[in-house]
Amino acid sequence: MRSTKRHATLPIGRTARIAFEIDAMREGCCLAARSLLGKHSVDELELEECARLDDALAQANRLLKFTVRDIMLSRLSRRSGVKER
């Protein structure tokens, strides 16, 4: 009899794609900051908000990239028969 259980597939590809989308969002923060700095009177509060958003996106991006990398390396080592660290 066949097993009806299916292993859940991790969304590694989609997660990696989100990391690249976060890079694009960070570029949007940079463009907004440049635009703000180009104005005659700089709105310091809005500029600070741009920086905070960019920092949060950078932190999320580092975490996603590190985790995807770690999972992929773990899978490669399991498939190659090499013991994990």
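This text goes with the structure placed above it.
Residues numbered from 1 in each chain as written. Predicted model: local features only at pLDDT ≥ 70, side-chain atom pairs only at ≥ 80, totals over all residues. Heavy atoms only, no water.

*Asks:* Help me get a handle on the overall build of the protein, residues and values and all.
*Replies:* A tally of regular secondary structure across the protein gives two helices and zero strands. Here the protein holds 85 residues, and 18% of them are scored as buried. Contacts in the protein between residues far apart in sequence, at least 24 positions, make up 64% of those at least 6 positions apart. Surface exposure of the protein reaches about 7500 Å², of which carbon and sulfur atoms provide 58%. (Helix = DSSP H or I, 4+ residues; strand = E, 2+ residues; numbered from the N terminus. Buried < 20%, exposed > 50% of the residue type's maximum accessible area, 1.4 Å probe, protein only. Contact = heavy atoms within 4.5 Å. Areas by Shrake-Rupley, 256 points an atom, 1.4 Å probe, with all protein chains shown as cover.)

*Asks:* Describe a negative patch on the surface, naming the residues involved and giving the relevant values.
*Replies:* A surface patch of like charges, here negative, comprises Asp43, Glu44, Glu46, Glu48, Glu49 and Asp55. Tracing the backbone through its elements, the reader meets Glu44 in helix α2 (residues 44-80). Classification of Glu44 by relative accessible area gives exposed; the value is 57%. (Patch = residues over 30% accessible without salt bridge, like charges linked within 9 Å, V, L, I, M, F, W, Y side chains within 5 Å. Salt bridge = Lys/Arg side-chain N within 4 Å of Asp/Glu carboxyl O. Lys, Arg positive; Asp, Glu negative; His and termini not counted. Charge placed at Lys NZ, Arg CZ, Asp CG, Glu CD.)

*Asks:* I'd like a rundown of the packing of helix α1 (residues 12-37) against α2, residues and numbers included.
*Replies:* In the contact formed by α1 and α2, the axes pass within 9 Å of each other and the chain directions differ by 160 degrees. Compared by their axis directions, α1 and α2 come out roughly antiparallel. With respect to the hand of their crossing, α1 and α2 are arranged in left-handed fashion. Looking at the contact of α1 with α2 residue by residue, the class counts come to 21 nonpolar, two polar and six charged. (Axes fitted to C-alpha atoms, helices over the stretch in contact; angles between N-to-C directions. Parallel < 35°, antiparallel > 145°, perpendicular 65-115°, else oblique. Left-handed = near helix turned anticlockwise from the far one by under 90°. Nonpolar A, V, L, I, M, F, W, Y, C, P; charged D, E, K, R; others polar.)

*Asks:* Requested: an account of the pattern of salt bridges, with residues and values cited.
*Replies:* Scanning the entire structure with this criterion turns up three salt bridges. Across the salt bridge formed by Lys65 and Asp23, the nearest N and O atoms sit 3.5 Å from each other. Pair noted here: Lys65 is in helix α2 and Asp23 is in helix α1, with a separation of 42 residues, a long-range link. The exposure class assigned to Lys65 is partly exposed, which follows from its relative accessible area of 41%. Asp23 gets classed as partly exposed once you look at its relative accessible area, which sits at 30%. Of the charged contacts in the structure, one is a salt bridge between Glu27 and Arg34, with a shortest N-O distance of 3.9 Å. Judged by relative accessible area, which is 38%, Glu27 ranks as partly exposed.

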